[in-house]
Amino acid sequence: MPRIYKPGKVAIVLQGRQAGKKVVIIKQLDEGTKERPYPHAIVAGIERYPLKVTKRMGSKKVAKRSKVKPFIKTVNYSHLFPTRYALELEGLKGVVGSETFKEVSQREDSKKQIKKLLEDRYTSGKNKWFFQALRF
């Protein structure tokens, strides 16, 4: 069976609190682990997308509306829908690992780093499709 979920691949969450949100695969675990004996992936996604910005808005308002709220999660493969797109974020690979979820402070630190990476990507204007909510 070909490996569909590779690091950097964009997918859509189908079940749960973040259903309908876009995520990036950080690490895939095809065989599973002792705690989670099913195939799953560690993903980072956008919980709250940035709002629309116009030319008339001031820099303070633009900065506030350009904020992104990220989330990190382990998701079962059956709850992910793969897309043909990939997002190249070099900094994401070292930020989140399986030990990140054991400690709350580690989780918060990795969320802050992911937030910074995603906001930098958004302000640079690359991958605009990733920062827009799905309309359905």
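The sections below set out a description of the structure shown in this document. Everything numeric in this text was worked out from a predicted model, so none of it was measured. (Residues numbered from 1 in each chain as written. Predicted model: local features only at pLDDT ≥ 70, side-chain atom pairs only at ≥ 80, totals over all residues. Heavy atoms only, no water.)

**Looking at the overall build of the protein**
Part 1 of the argument: Looking only at helices and strands, the protein features three helices and five strands.
Part 2 of the argument: When the helices and strands of the protein are listed from N to C terminus, the series reads β-β-β-α-β-β-α-α.
Part 3 of the argument: For a compact globule of 136 residues, the expected C-alpha radius of gyration is about 14 Å, and the protein comes in at 15 Å, within 12% of that figure.
Part 4 of the argument: Dimensions of the protein, computed from C-alpha atoms along their principal axes, come out at roughly 55 × 35 × 25 Å. (Helix = DSSP H or I, 4+ residues; strand = E, 2+ residues; numbered from the N terminus. Rg over C-alpha atoms; globule rule 2.2 N^0.38 Å.)

**Structural notes on a positive patch on the surface**
Part 1 of the argument: There is a patch of like positive charges on the surface, built from Arg48, Lys64, Lys67 and Lys115.
Part 2 of the argument: Positionally, lysine 115 belongs in helix α3 (residues 104-124). (Patch = residues over 30% accessible without salt bridge, like charges linked within 9 Å, V, L, I, M, F, W, Y side chains within 5 Å. Areas by Shrake-Rupley, 256 points an atom, 1.4 Å probe, with all protein chains shown as cover. Salt bridge = Lys/Arg side-chain N within 4 Å of Asp/Glu carboxyl O. Lys, Arg positive; Asp, Glu negative; His and termini not counted. Charge placed at Lys NZ, Arg CZ, Asp CG, Glu CD.)

**Side note on the sheet that holds strand β1 (residues 9-13)**
Part 1 of the argument: Pairing within the open sheet is antiparallel, and its five strands lie in the order β4-β3-β2-β1-β5. If you trace the sheet from one side to the other, it starts and ends with β4 (69-76) and β5 (80-86), each paired once. Taking the axes of each pair of neighbouring strands and ignoring which way they run, one obtains an average angle of 35° across the sheet.
Part 2 of the argument: Sheet analysis places β1 next to β5, joined by four bridges and oriented antiparallel. Looking at β5, one finds that isoleucine 12 is bridged to phenylalanine 81.
Part 3 of the argument: Of the strands in this sheet, β3 (40-48) and β4 are in contact with α3, which crosses β4 at around 115°. (Pairing = 2+ DSSP bridges. Axes fitted to C-alpha atoms, helices over the stretch in contact; angles between N-to-C directions. Contact = heavy atoms within 4.5 Å.)

**Things to note about the packing of aromatic side chains**
Part 1 of the argument: Taken as a whole, this structure holds five aromatic pairs when the rule is applied.
Part 2 of the argument: Seen from their ring centres, phenylalanine 130 and phenylalanine 131 are 5.5 Å apart, and the 90° between their planes marks the pair as edge-to-face.
Part 3 of the argument: Residue classification places phenylalanine 131 among the buried positions, given a relative accessible area of 3%.
Part 4 of the argument: These aromatic residues form a ring-pair network of at least three members: Tyr85, Tyr122, Trp129, Phe130 and Phe131. (Phe/Tyr/Trp six-rings, centres within 6.5 Å; stacked < 30°, edge-to-face > 60°. Buried < 20%, exposed > 50% of the residue type's maximum accessible area, 1.4 Å probe, protein only.)

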